[in-house]
Amino acid sequence: MKVMVVVPAYNEEKNIYKVVASIKEYHPEIDVVVVNDGSKDNTCFEAKRAGAFVIDLPQNLGIGGAVQTGYLYGKRNDYDVVIQIDGDGQHDPKDISRLVEVIENKEADMVIGSRFVEQTEYESSSMRKLGINFFSRFVSFVCKQNFYDTTSGYRAANRKVIELFSTYYPKDYPEVETIVYAIKRGIRIKEVSVDMNKRQGGKSSITPLKSVYYMIKVTSAILLQP
Amino acid sequence: MNAYIYCFILSLLFLAAALYFSKTRVLNFKYSVFWISISLILIMLSLNKRLTEKMAGLVNISYAPAFLFVTGIVFAFFLIFYLTITISSLQNKITKLVQEIGIIKSTKGNGDS
């Protein structure tokens, strides 16, 4: 199986080296593609130093556009599996093989690395929990299948999903919407429990005002599926 | 100054601007045709008080300027809506281009920037 990891990164010079290096350490056979989303710092240099292949976007596209670039690259270069890992070091690369395994065994087309399928050490604030809970119930209801961690950006996708996401991927806050989008197109999704670290550097981009926009945007995007 | 003359002068200025930007092709021609017709309609309305009153009467609005305001505002809404559709489509095109350029740059040479 030809596997690649896509790491979207915007101004992650402090984390990206560690993220790429630890993926390489666990899985030297996997190609690591960092999509540098128009960073203003040394993200590109740091990623290359760690041995990643870097796609330098000339303009900032936001998380959706950056991740989609990874899927597009995966499709063009004939990868069987594309794995998505955040650039801030929250996701533990040791779980990659468990995600790939599910796809290899054809148990699902897309795998989500989830914090909540089993009790893990991850803790989050109460407001955050409320939002995560709401989307978990809402998505489960719309998809008629239980989903626990809809906001996780730790994912693996097979060819069918790579093809799907390279044609359409939401521009901002894409995680939740893509689950519903994929399910409605006959994609089988499975959640696998993973450990998540507290972010190692940088700040969460979600402010109170943004979280209101987040809730409204994502909810209406689910109600108004393309 | 008579209100209608005032409107007429404004419409005339508008027509001049529409013609100028069309002639220099700063404005795409498909929009030029639209704006030139709009300015001609404005000129007609400002010259012909009766026409405005008649149209207002058709929808039972006794105060003709109110009719113009309502029509104008609704029209402006539609126009802005259309513009946001155009912007969205441009945004999608730009996203595609940026992604392609990024991939091409990284595969050809080492992507210096």
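Residues numbered from 1 in each chain as written. Chains lettered and ligands numbered in written order. Predicted model: local features only at pLDDT ≥ 70, side-chain atom pairs only at ≥ 80, totals over all residues.

Draft legend 1. Structural detail: the overall build of chain A. Tallying secondary structure elements over chain A gives eight helices and seven strands in all. In terms of C-alpha radius of gyration, chain A reaches 16 Å, essentially the compact-globule figure of 17 Å for 226 residues. In chain A, the proportion of contacts linking residues at least 24 apart, taken out of those at least 6 apart, comes to 75%. (Helix = DSSP H or I, 4+ residues; strand = E, 2+ residues; numbered from the N terminus. Rg over C-alpha atoms; globule rule 2.2 N^0.38 Å. Contact = placed C-beta atoms within 7 Å.)

Draft legend 2. Here's a closer look at the UniProt feature "transmembrane region" (unreviewed entry) in chain B. All names here are of chain B. Listed under "transmembrane region" (unreviewed entry) in the UniProt record, and renumbered for this structure, are residues 28–47 and 59–83. The annotated region residues 28–47 carries 95% helix and 0% strand content, and the separation between its end C-alpha atoms amounts to 29 Å. With 80% helix and 0% strand, residues 59–83 has its two end C-alpha atoms placed 28 Å apart. (UniProt positions renumbered as here; feature names shortened; annotations may be inferred.)

Draft legend 3. Structural context of the packing of helix 5 (residues 126–143) of chain A against helix 8 (residues 208–223) of chain A. Residues and elements named next belong to chain A. Contact pair helix 5 / helix 8: the axes reach a minimum separation of 12 Å and the direction vectors enclose 5°. If you check the angle between helix 5 and helix 8, you find them roughly parallel. Here Gly-131, Phe-135, Phe-138 and Val-142 of helix 5 come into contact with helix 8, specifically with Ser-211, Met-215, Val-218 and Ile-222. The residue makeup of the contact of helix 5 with helix 8, split by class, is six nonpolar, two polar and no charged. (Axes fitted to C-alpha atoms, helices over the stretch in contact; angles between N-to-C directions. Parallel < 35°, antiparallel > 145°, perpendicular 65-115°, else oblique. Nonpolar A, V, L, I, M, F, W, Y, C, P; charged D, E, K, R; others polar.)

Draft legend 4. Local environment of the interface of chain A and chain B. At the interface, 13 residues of chain A touch 10 residues of chain B. A per-element tally of the side of chain A that touches chain B places helix 3 (residues 62–76) of chain A first, with five residues. Partitioning the side of chain A that touches chain B into residue classes produces eight nonpolar, four polar and one charged.

Draft legend 5. Representation of the sheet that holds strand 2 (residues 31–36) of chain A in the model. Residue and element names in this part refer to chain A. The seven strands are arranged 3-2-1-4-6-5-7 in an open sheet whose pairing can be described as mixed. Each edge of the open sheet carries a strand with a single partner, namely strand 3 (53–56) and strand 7 (189–193). Within the sheet, the average angular offset between the axes of one strand and its neighbour, ignoring direction, is 20°. Examined bridge by bridge, strand 4 (residues 81–84) and strand 6 (residues 155–157) share three bridges and lie antiparallel to one another. Counterpart to Ile-83 in the pairing with strand 6 is Ala-156. Most of the contacts of helix 1 (residues 16–26) go to strand 2, to which it runs at about 160°, and overall it touches strand 1 (3–9) and strand 2. (Pairing = 2+ DSSP bridges.)

Draft legend 6. Spotlight on the nonpolar core. All names here are of chain A. Val-20 and Val-34 are the most contacted members of the largest nonpolar core, which totals 65 residues. The dominant element in this core, judged by the number of residues it contributes, is helix 3, at six residues. Excluding residues within four positions of it along the chain, Val-20 makes contact with Val-7, Val-32, Val-34, Ala-47, Ala-50, Gly-51 and Ala-52. (Core = buried A, V, L, I, M, F, W, Y, C linked by C-beta atoms within 7 Å. Buried ≥ 20, exposed ≤ 12 C-beta atoms within 10 Å, placed from the backbone.)

Draft legend 7. Region of the structure containing the packing of helix 3 of chain A against helix 6 (residues 159–167) of chain A. All names here are of chain A. Contact geometry of helix 3 with helix 6 gives a least axis separation of 8 Å together with a crossing angle of 130°. One way to sum up the angle between helix 3 and helix 6 is to call them oblique. With respect to the hand of their crossing, helix 3 and helix 6 are arranged in left-handed fashion. Facing helix 3, whose interface residues are Gln-68, Tyr-71, Leu-72, Gly-74 and Lys-75, helix 6 presents Ile-162, Glu-163, Phe-165 and Ser-166. In the contact of helix 3 with helix 6, the residues fall into four nonpolar, three polar and two charged. (Left-handed = near helix turned anticlockwise from the far one by under 90°.)

Draft legend 8. Representation of the confidence of the model for chain B in the model. All names here are of chain B. With 95% of its residues at a pLDDT of 70 or more, chain B has an overall mean of 88. Here helix 2 (residues 29–47) stands out as the element of chain B with the lowest mean pLDDT, 87, in contrast to helix 4 (residues 64–107), whose mean of 92 is the highest. Quick note on the complex model: pTM equals 0.84, ipTM equals 0.79. (pLDDT = per-residue confidence, 0-100.)

Draft legend 9. Seen up close, the pairing of strand 3 of chain A. Residues and elements named next belong to chain A. Alignment of strand 2 against strand 3, held across four bridges, turns out to be parallel. Looking across to strand 3, one finds that Val-35 is bridged to Ile-55. Regarding the hand of the β-α-β motif, the stretch spanning strand 2, helix 2 (residues 43–49) and strand 3 is right-handed. (Right-handed = clockwise from strand over helix to strand, strands pointing away.)

Draft legend 10. Representation of unusual backbone geometry. One non-glycine residue, A:Asp78, lies in the positive phi region at around 65°. Relative to the elements of secondary structure, A:Asp78 occurs in the loop between helix 3 and strand 4.

Draft legend 11. Looking closely at the environment of B:Leu97. Among the secondary structure elements, B:Leu97 is positioned in helix 4. Between the C-alpha atom of B:Leu97 and that of B:Leu47, which follows or precedes it by 50 residues, the distance is 48 Å.

Draft legend 12. Representation of the environment of A:Ile162 within the structure. Residues and elements named next belong to chain A. By the element assignment, Ile-162 lies in helix 6. Remark: the alpha-carbon pair of Ile-162 and Thr-219, spanning 57 residues in sequence, is separated by 24 Å. Leaving out residues up to four positions away in the same chain, Ile-162 has contacts with Tyr-71, Gly-74, Lys-75, Tyr-79, Val-82 and Ala-157.

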